[in-house]
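Okay, here's what each chain looks like letter by letter:
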Amino acid sequence: MNLKSRAFFNKFCGGTIAVAGVFTSRHVMGAQSVLMAPPPVPLQPLAAQEESTNNEMSVFLPSYDNKDNSLPQPFKFGGIVFRPHPLYRFTYATGIQSGTNNSERSIIQEFSPGIAVDLGRHWMVDYTPTIRFYSNRAFRNTIDHSATLTGGTSYEDWSFNLSQSYVKSDSTLVDTAGQTRTQAYDTELGAAYQINDKMYAQFGVSQQFNLVDGFQDSKTWSSSDWLNYVYTKRLDFGLGIGGGYTLISADQSGSTNPDQSFENAKARVRWRALDKLGFSVDGGLEERQILAAGYKDELNPTFDLTLDYEPFDQTQITLSGGRSVSSSDYSILAQNTETTSLNLAVTQRLLEQLSLSVSLGYTQTAYTEALGSLSAIRTDDNYNFNVRLSHTFAKRGTVAVTYQYSQNNSTLAGYSFRSNQIGFELGFAY
């Protein structure tokens with residue numbers, strides 16, 4: 001690849017692996033966990049990290065750029081680097097549901113002895129188990145598992161990426177009002193091709209399996225293709241089309257919903273309007289067919305938006321939102337789940353030693369049935385407020401105090417709750 005082509009892909013394709021990871025997490029976390037989420041672990045290979053750092057569209061530096069990369073790597077063997085990132089969390093929680101109309105309080109202790117491995121500059125694998133203990137016997141102690149492989153490469157005017165993940169969880173879910181065992185397998189394959197100085201194409205296919213004990217399983221195969229026009233280095237436009245098929249499996253009672261197919265069309269604009277301000281928004285329509293007699297087709301608007309603003313050097317503000325539709329794996333009575341969300345996150349550096357993160361979030365989840373009429377049989381309005389104050393020590397360690405308030409208002413009796421969670425974290429990462 002010549003220098004001009006490499007610069008092009010550094011700008012536009014450096015984040016494709018990260019994007020695949022975002023889509024993975026969206027599918028895996030289609031059901032909302034009641035418990036406070038742990039801090040994210042960066043899962044980009046070294047080459048992708050460098051390309052993301054040089055991306056002119058990025059207002060903020062990636063999180064790994066805030067670390068001291070000059071530190072020695074004691075677990076480096078040739079081109080392979082082992083990066084342990086153990087984390088301990090202690091939480092006192094109220095309002096955690098052990099079943100419909102039944103909220104409990106509990107001390108929750110979690111230990112996550114995760115490890116990431118750099119397989120050269122272009123590939124990374126991570127495995128993070130989470131051992132969770134509850135003081136309240138209304139909940140069962142669990143061991144969750146999360147494994148991810150990400151990587152990518154380029155050849156002449158082509159760039160390729162792969163993301164494969166597996167998540168097994170026994171968390172308490174808003175959707176089911178109790179501990180629910182889920183397994184999710186996600187495969188994302190992507191490619192980008194530079195047509196000329198002003199145009200490039202992106203192609204993607206995915207396979208997503210969502211297995212939910214006591215409810216239903218779904219397997220989705222989909223594709224998404226984009227044609228993009230580069231107006232300036234900090235402004236581009238895109239048109240995309242996609243589609244897919246969802247295979248629905250019977251739940252334990254033998255009941256099942258019909259399979260589904262869907263098609264969508266979208267438009268996108270990405271603009272870094274100022275050095276301190278940038279945004280990305282895409283929107284369109286999706287038509288979804290329920291493949292059985294008597295069901296109506298659904299036409300739904302979908303969108304994703306992100307706005308990043310850095311008013312001061314130590315202040316970062318992100319506004320994000322979206323609307324998506326998927327099969328209703330957590331409610332057998334519904335065919336689809338329509339999810340609309342809006343989130344505001346602020347990160348502030350304090351006294352050069354502390355980092356304060358505050359976020360507000362709202363999510364509306366509507367479970368709809370398409371037999372006879374397109375209507376919601378249950379609608380949840382979920383509100384979240386999170387605070388995290390952290391301090392870095394010994395260059396590799398982090399200690400933090402955390403608080404989360406969450407409230408769910410459901411039109412279906414037994415699924416509403418209010419939860420307060422306060423705790424602390426102690427982590428170490430290479």
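Every value quoted in this text rests on a predicted model; they were computed, and no experiment measured them.

Chemist: For this particular structure, what's the right way to read the overall build of the protein chain?
Modeler: Per the secondary structure count, the protein chain includes 3 helices and 21 strands. Going through the 430 residues of the protein chain one by one, you find that 44% of them count as buried. Element-wise, carbon and sulfur atoms account for 61% of the exposed surface of the protein chain, whose accessible area totals about 20,600 Å².

Chemist: Honestly, the environment of G242 in this entry has me stumped. Any pointers?
Modeler: Within the element layout of this structure, G242 appears in strand 12 (residues 235-249). Among the residues examined, G242 registers a relative accessible area of 17% and is labelled buried. Measuring from C-alpha to C-alpha, the distance between G242 and S223 comes to 5.3 Å, with 19 residues separating the pair along the chain. Ignoring any residue separated from it by four or fewer positions in sequence, one finds G242 in contact with S223, S224, E263 and N264.

Chemist: Help me understand the packing of aromatic side chains, please; the structure alone is not making it clear to me.
Modeler: Any pair of aromatic rings gets described here by the distance separating the centres and the angle formed by the planes. Overall, the coordinates contain 14 aromatic pairs when judged by the stated rule. Geometrically, the ring pair formed by Y134 and F139 is stacked, given 5.1 Å between the ring centres and 20 degrees between the ring planes. No difference in accessibility class separates Y134 from F139, as the two residues are buried. Measuring from ring centre to ring centre gives 6.5 Å for F385 and Y403, while their planes differ by 65 degrees; the resulting arrangement is edge-to-face. Separated by 18 residues along the polypeptide, F385 in strand 19 (residues 375-393) and Y403 in strand 20 (residues 397-410) bring together distant segments of the chain.

Chemist: Just checking my understanding: could you explain the pattern of salt bridges for this structure?
Modeler: Any two side chains of opposite charge can pair, on the condition that their charged atoms come close. According to the stated counting rule, one finds 18 salt bridges in the structure shown. With a closest N to O distance of 2.6 Å, D118 and R83 form a salt bridge. In this pair, D118 is assigned in strand 3 (residues 102-119) and R83 in strand 2 (residues 80-99), connecting sequence segments 35 residues apart. On the accessibility criterion, R83 (18% relative accessible area) is buried. The partner of E110 in a salt bridge is R89, and the shortest N-O contact between them spans 3.1 Å. A residue pair is termed long-range when its members are at least 10 positions apart, and E110 in strand 3 and R89 in strand 2 qualify at 21 residues. Assessed through its relative accessible area of 4%, R89 is described here as buried. Bridged by salt links that share partners, the residues R89, E110, R132, D144, R388 and E425 form one connected network.

The rules behind each value
Residues numbered from 1 in each chain as written. Predicted model: local features only at pLDDT ≥ 70, side-chain atom pairs only at ≥ 80, totals over all residues. Heavy atoms only, no water. Helix = DSSP H or I, 4+ residues; strand = E, 2+ residues; numbered from the N terminus. Buried < 20%, exposed > 50% of the residue type's maximum accessible area, 1.4 Å probe, protein only. Areas by Shrake-Rupley, 256 points an atom, 1.4 Å probe, with all protein chains shown as cover. Contact = heavy atoms within 4.5 Å. Phe/Tyr/Trp six-rings, centres within 6.5 Å; stacked < 30°, edge-to-face > 60°. Salt bridge = Lys/Arg side-chain N within 4 Å of Asp/Glu carboxyl O.

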